[in-house]
Amino acid sequence: MNNDKKMNKIFTMFMAILVLGTGITSCSWQNEKVQRPNILFIMTDDHTQQALYAYGHGLVDSVLFPNMDRLAKEGAIFQQSFVTNSICAPSRAVMLTGKYSHINGKIDNFVPFNWDQQNFPKLMQQAGYQTALIGKIHLAGKPQGFDYSMVLPGQGHYYNPEFIKNGGEEIKFEGHSTSLITQFVVDWLENEWDRSKPFTLLYHTKAPHRNWMPEAKYLDFLEDIEFDFPGNFFDDYQGRGSAAREQEMEIVNHMYWGQDMKFENNPLAGEPLGKEAPFGRMTEEQLADWRAVYNLKNEAFLKEIPEDKYGLFFVPHSRSFSPDFLQETTEGLKLAKFMYHRYLRDYLKTVKAVDDGIGKVLDFLEKENLLENTVVVYTSDQGFFLGEHGWFDKRFMYEQSLSTPLLVRYPKEIKAGSEVNELVLNLDIAPSLLDYAGIAKPEDMQGESWRGLAAGKKVLWRDAIYYHYYEYPSVHMVKRHYGVRTDRYKLIHFYYDVNEWEMYDLVEDPNEMNNIYGKPAYTEVQAMLHARLDELRLQYGDSDKLSQKFLKEFLEKTKN
Ligand code: CA
């Protein structure tokens, strides 16, 4: 029997079990014949689809991350996977609760998250799962819904980080956060997990969040590889509204020489970059490894820049170089190339260790004969710009930050190499994982389960997604906006200090350079998108009134 036939047979048998046990969502899991799967929910921070070979964006032209690509090869890749609010903590709140930010209350990184509300780990715990949260969650307060938690406080640190075990005191560990988190995951599986119960394990890394500090063994990774700039790296932001022009997330103009570019001293004045520098937490040994790689390269770069340009180049933050200067002058291009490569390589270096970690955990499950009965989900809390539009960071409803990787491996149901093209959201994570666990979705959860889609079934599915971003005025200065995206079009409304609409045809203009809002050729599409946006806002309970309420609270809180 070839593999496909074998898979089909297994799949048919599984479906038969499903059909026989129609009461599966409520109590038939108690029947020992139905073995509930374990759930391994892996999430990285700011890992974007462009960095994964499986997504075929072309930025990386080979498999740099074999274990992530293994998940795509052996499971399903979701080609149209998005978030509802592209920023760290709010995205995590959406995933835990299955509710939009305006419902779960965590609209931005500032307001506290209410752990008392319903979340999917609580429901799994009640249904007899053993639950654990290990790594970054970025939601203050003792995590609820977990039999065990080992989390970084807030953003946490890459080097020698503190962790909080089960809501207790912070404990400092020597080492790198990615390796430590992976080790805690394996330790939990080996020593804490009660094998009489299925597990739900949230394995959440800090990497590749800013400021992209690789571990020692990957300091050299990709240092010899030259990357092409994305086609719109030197974007002049014409043809769009003020939001794209007024953001503060340009690699060249808004990164710091210390924390982002890894200079120990300011080249301009020679003084240490102090708090801005990332080196303060390292041991002497760690720092020596670090210096051996970065200092030589930094010095070589400085030699290429005429000293009379230092005053212009090495201000700490907020330079204002035009795309013409960067593209067309020798020094400008050198600056852009250096900053882009330092950023991109460091970002990918931190992903590399995450990939190793995933491999280690998958190997452990395989060795213990647990892998086939474990649903493995890989995602990130949002996407990220890797130089598209000249940017880093996220927040915008533009494609790179709106999307997020989603890979799911569960060979009992999912054919290897499956592709899902429906529009899914991080809102769907909670209902989907509950579905695998055989737990009915609570009525007030707003997402939908993609379990059927992953298994290749025809499912009546949404034709559009709704998005809303709130954190402005704040770091990176991305204006408040909400919008709708269908499989082809996108409509965005920027509000508060502006009232601007943008619309994109993603087939004609995949890089979103040309705002077609108000163009006569698109009158009908525009009307359709407006109608769909109104319907979705009504369906999910969002409104201008709520936006005003959140805005007022935000301004109160941030006025000092
Ligand atoms: Ca994030």
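Preceding this section is the structure that the text describes.
Residues numbered from 1 in each chain as written. Predicted model: local features only at pLDDT ≥ 70, side-chain atom pairs only at ≥ 80, totals over all residues. Heavy atoms only, no water.

**Things to note about the pattern of salt bridges**
Taken as a whole and judged by the stated rule, the model has 44 salt bridges. A salt bridge links arginine 291 to glutamate 264, with the nearest nitrogen and oxygen atoms 2.8 Å apart. Taken together, the positions of arginine 291 in helix α9 (residues 284-304) and glutamate 264 in the loop between α8 (251-254) and α9 put the pair 27 residues apart, joining distant regions of the chain. Relative accessible area serves as the criterion here: at 32%, arginine 291 is assigned to the partly exposed category. A single network of salt bridges, built from pairs that share partners, joins Glu223, Glu226, Lys262, Lys297, Arg345, Asp346 and Lys349. (Salt bridge = Lys/Arg side-chain N within 4 Å of Asp/Glu carboxyl O. Helix = DSSP H or I, 4+ residues; strand = E, 2+ residues; numbered from the N terminus. Buried < 20%, exposed > 50% of the residue type's maximum accessible area, 1.4 Å probe, protein only.)

**What about the coordination of the calcium ion?**
Coordination of the calcium ion by the protein is provided by Asp45 (OD), Asp46 (OD), Cys88 (SG), Asp381 (OD), Asp381 (OD) and Gln382 (OE1), with metal-donor distances spanning 2.2 to 2.6 Å. Read in sequence order, the donor residues coordinating the calcium ion give the pattern D-D-x41-C-x292-D-Q. The buried category is assigned to aspartate 381, whose relative accessible area is 0%. (Donors = N, O, S within 2.8 Å, 3.2 Å for Na, K, Ca; no water.)

**Remarks on the packing of helix α6 (residues 177-192) against helix α12 (residues 330-367)**
Two numbers describe a pair of packed helices, the interaxial angle and the distance between the axes. Interhelical geometry of α6 versus α12 gives an angle of 10° and a closest axis separation of 9 Å. Classified by the angle between their axes, α6 and α12 sit roughly parallel to one another. Touching Thr178, Thr182, Gln183, Val185, Val186, Leu189 and Glu190 of α6 are Ala353, Val354, Gly357, Lys360, Val361, Phe364 and Leu365, all from α12. Grouping the amino acids of the contact of α6 with α12 by side-chain chemistry returns eight nonpolar, four polar and two charged. (Axes fitted to C-alpha atoms, helices over the stretch in contact; angles between N-to-C directions. Parallel < 35°, antiparallel > 145°, perpendicular 65-115°, else oblique. Contact = heavy atoms within 4.5 Å. Nonpolar A, V, L, I, M, F, W, Y, C, P; charged D, E, K, R; others polar.)

**Section: helix α14 (residues 429-436)**
Within α14, seven of the eight residues are buried, which leaves the element mostly enclosed by the surrounding structure. Every buried residue of α14 is accounted for by Ile429, Ala430, Pro431, Ser432, Leu433, Leu434 and Tyr436. After α14 finishes, the residue glycine 438 shows a positive phi value of roughly 75°.

**Topic: the sheet that holds strand β10 (residues 406-409)**
Taken together, ten strands build an open sheet; the order of strands is β7-β6-β5-β4-β8-β1-β9-β10-β2-β11 and the sheet is mixed. Where the open sheet ends on each side, the last strands, each with one partner, are β7 (170-172) and β11 (418-420). For this sheet the average axis-to-axis angle between neighbouring strands, irrespective of direction, equals 15°. Where strand β5 (residues 148-151) lies against strand β6 (residues 162-165), two bridges are found, and the strand directions are antiparallel. (Pairing = 2+ DSSP bridges.)

**Considering the layout of surface pockets**
Once rolled over the atoms, a probe with the size of a water molecule shows which space is left empty. In this model, the second largest pocket occupies a volume close to 420 Å³. Every residue lining the second largest pocket is counted, 21 residues in all, and those nearest its centre are Gln50, His57, Glu399, Gln400 and Asn511. Its residues assigned to classes, the lining of the second largest pocket shows six nonpolar, eleven polar and four charged. When residues are assigned to domains, the lining of the second largest pocket turns out to be shared by domain 2 (38-214 + 351-461) and domain 4 (475-559), each giving three or more. (1 Å grid on protein atoms, 1.4 Å probe; cavity = no way out; pocket = protein on both sides within 12 Å on 5 of 7 lines; lining within 4 Å. Points joined across faces, edges and corners; volume = space filled by probe spheres on them. Domains from an automatic or database assignment.)

**Some thoughts on the sheet that holds strand β13 (residues 465-469)**
Taken in spatial order, the four strands line up as β13-β14-β15-β16 in an open sheet, and their pairing is antiparallel. If you trace the sheet from one side to the other, it starts and ends with β13 and β16 (500-505), each paired once. On average, each strand axis in the sheet is inclined to that of its neighbour by 15°, with strand direction left out of account. Of the strand pairs in this sheet, strand β15 (residues 489-494) and β16 are connected by six bridges, and their pairing is antiparallel. When the sheet's bridge partners are listed, leucine 491 is paired in β16 with methionine 503.

**Remarks on empty space enclosed by the protein**
Tallied over the entire structure, the rule returns one cavity of 30 Å³ or more. Each pocket or cavity is described by its volume, and for the largest cavity that value is around 50 Å³. Ser81, Phe82, Met95, Thr379, Ser380, Thr404, Leu406, Val424, Leu425, Asn426, Ile429 and Trp450 together form the lining of the largest cavity. For the lining of the largest cavity, the secondary-structure elements that each account for two or more residues are β3 (81-82), β9 (374-380) and β12 (424-425). Considering only residue class, the lining of the largest cavity consists of seven nonpolar, five polar and no charged.

**What to know about unusual backbone geometry**
In this structure, proline 208 follows alanine 207 across a cis peptide bond, with omega equal to -5°. Secondary-structure assignment places proline 208 in the loop between β8 (199-204) and α7 (242-246). Residue asparagine 211 is bonded to the preceding arginine 210 through a cis peptide linkage, with omega at 15°. Take asparagine 211: it is sitting in the loop between β8 and α7. Despite not being glycine, histidine 138 shows a phi value in the positive range, around 60°. For histidine 138, the position within the fold is in the loop between β4 (130-135) and β5. Assessed through its relative accessible area of 14%, histidine 138 is described here as buried.

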